[in-house]
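Summary of the model geometry
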Amino acid sequence: MGKKEEKTNSEIPSLPPIDKLIHEPARLDIIAMLYVIKESDFIFLKNQTGMTWGNLSSHLSKLEDAGYVNVEKEISGKKTKTRVSLTNEGRIAFREYRQNINEFLKRIPE
Amino acid sequence: MSKDIDLKELEKKAWRSTLEDGIFEIYFGILHLNITIGVILDEILPSPYNLIVMFSIIGLGLMFFLFGKKFISEPRLGKVKFGRTRIVRKVKTIAVLTVNFLALLIIFLIGVLNPQLRLQLPKSLFDLIMGLLFFTLPLCFIAYFLQFRRLYIIAILLGLGFSLDELFKLLPIPDLVSSILAFGMISVIILSMGVVVFIRFLKKYPRPKDNQELEVKDG
């Protein structure tokens, strides 16, 4: 690398980090929905996001593993009731994601 | 990002989905139908039997509302708890309705205590103003704060009821028939609206199999 190239790189402002876990469109849908409500069950979330059971379940697992959502299962008879809510960590992460993505887009020239 | 996310719109969409079942409209339709039935019962049943039937219909309507939400709407649509935004809106609704009620009470008391202050208006116009003040206005406040658009239509229909009754009395038909026509028509419109929304809801949200969620979790 030449000096000229090094100089150019240092002049480029660093872009804000984007949380890739939230950035995935399906997970973004889930987390945005949970951000605007307090809590919902699995069926409501499925209806609102339009995902399949399997898809929603898999994305929720990833978000739960990251500590962004809280999933509580309740079995009554043959039915499973799953209640999902955003954790404080998830709420903060989504807020930061929105700030960063806005900043990111602002810095991209037209 | 694949698409823009407007959080306020998203919350509103989620909220409005809970009103998509038409149960509220059917409930209102039943309550209004009760007025029509009450007019007929006054003629054919002695008191208190007519009142017993009327209160039974109100009870049936309430049962339909509560059980409908619990056993028809909730298993299909899912259960949701909304956040602060909705609580604030509900508090605002209650506050505005309280002010509205007190204002109407004052108007009513002024009219009773000082009959000379009453507006000298034709009966149909007076009924129209009363209907709009006592039914349309409060329901429009609820519709606005709860962001429930179909409630505006119900509000207007309910407000028109009494003046429509007076207008129908101008027709060469018995008073009883004119009242049944006026109130019955409005009840049928509200009920039909509710039933159409309800059927659309049942088609849009089929009931998931009882163990569907369990199957997914178990892989």
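Quick summary incoming for the structure in this document. Just so we're clear, the structure is a prediction, and the values are computed from it rather than from any experiment.

Criteria and thresholds
Residues numbered from 1 in each chain as written. Chains lettered and ligands numbered in written order. Predicted model: local features only at pLDDT ≥ 70, side-chain atom pairs only at ≥ 80, totals over all residues. Core = buried A, V, L, I, M, F, W, Y, C linked by C-beta atoms within 7 Å. Buried ≥ 20, exposed ≤ 12 C-beta atoms within 10 Å, placed from the backbone. Helix = DSSP H or I, 4+ residues; strand = E, 2+ residues; numbered from the N terminus. Contact = placed C-beta atoms within 7 Å. Pairing = 2+ DSSP bridges. Axes fitted to C-alpha atoms, helices over the stretch in contact; angles between N-to-C directions. Parallel < 35°, antiparallel > 145°, perpendicular 65-115°, else oblique. Left-handed = near helix turned anticlockwise from the far one by under 90°. Nonpolar A, V, L, I, M, F, W, Y, C, P; charged D, E, K, R; others polar.

Quick look at the nonpolar core
Ranked by internal contacts, the top residues of the largest apolar core, which has 26 residues, are Ile30, Ile31, Met33, Leu34, Leu45 and Val69 of chain A. Secondary-structure elements contributing two or more residues to this core are α3 (25-36), α4 (42-49), α5 (53-65), β3 (79-86) and α6 (88-107) of chain A. For this core, the element with the most residues is α3 of chain A, which contributes seven residues. Excluding its chain neighbours within four sequence positions, the residues that come into contact with Leu34 of chain A are Val69, Val84, Ser85 and Leu86 of chain A. Among the nonpolar cores identified, the runner-up in size contains 21 residues, and Phe24, Phe28, Leu151 and Leu164 of chain B belong to it.

Some details on the sheet that holds strand β2 (residues 69-76) of chain A
In sheet architecture, strand pairing relies on hydrogen bonds along the backbone and comes in two forms, parallel and antiparallel. Pairing is antiparallel across the open sheet formed by four strands, whose spatial order is β2(A)-β3(A)-β1(A)-β1(B). Each end of this open sheet is capped by a strand with a single partner; those strands are β2 of chain A together with β1 (80-82) of chain B. For this sheet, the mean inter-axis angle between neighbouring strands, taken without regard to orientation, is 15°. By the bridge criterion, eight bridges tie β2 of chain A to β3 of chain A in an arrangement that is antiparallel. Paired with Glu74 of chain A across the strands is Lys81 of chain A, a residue of β3 of chain A.

Quick word on unusual backbone geometry
Residue and element names in this part refer to chain B. For Gln147, which is not glycine, the phi dihedral falls at a positive 50°. The residue Gln147 is located in the loop between α5 (123-145) and α6 (150-168) in this model. The class of Gln147 is partly exposed, set by 14 C-beta atoms lying within 10 Å.

Focus on the environment of Leu160 of chain B
Residues and elements named next belong to chain B. Tracing the chain through its elements places Leu160 in helix α6. For Leu160, a count of 20 C-beta atoms within 10 Å corresponds to the buried category. Spatially, the C-alpha atoms of Leu160 and Ser178 are 14 Å apart, while their sequence positions differ by 18 residues.

Let's talk about the packing of α3 of chain A against α4 of chain A
All names here are of chain A. Running from amino to carboxyl end, α3 crosses α4 at an angle of 120°, the nearest separation of the two axes being 10 Å. In terms of orientation, α3 and α4 fall into the oblique class. Taken as a pair, α3 and α4 cross one another with a handedness that is right-handed. Contact residues: Asp29, Ile30 and Met33 in α3; Leu45, Gln48 and Thr49 in α4. Residues of the contact of α3 with α4, tallied by class, amount to three nonpolar, two polar and one charged.

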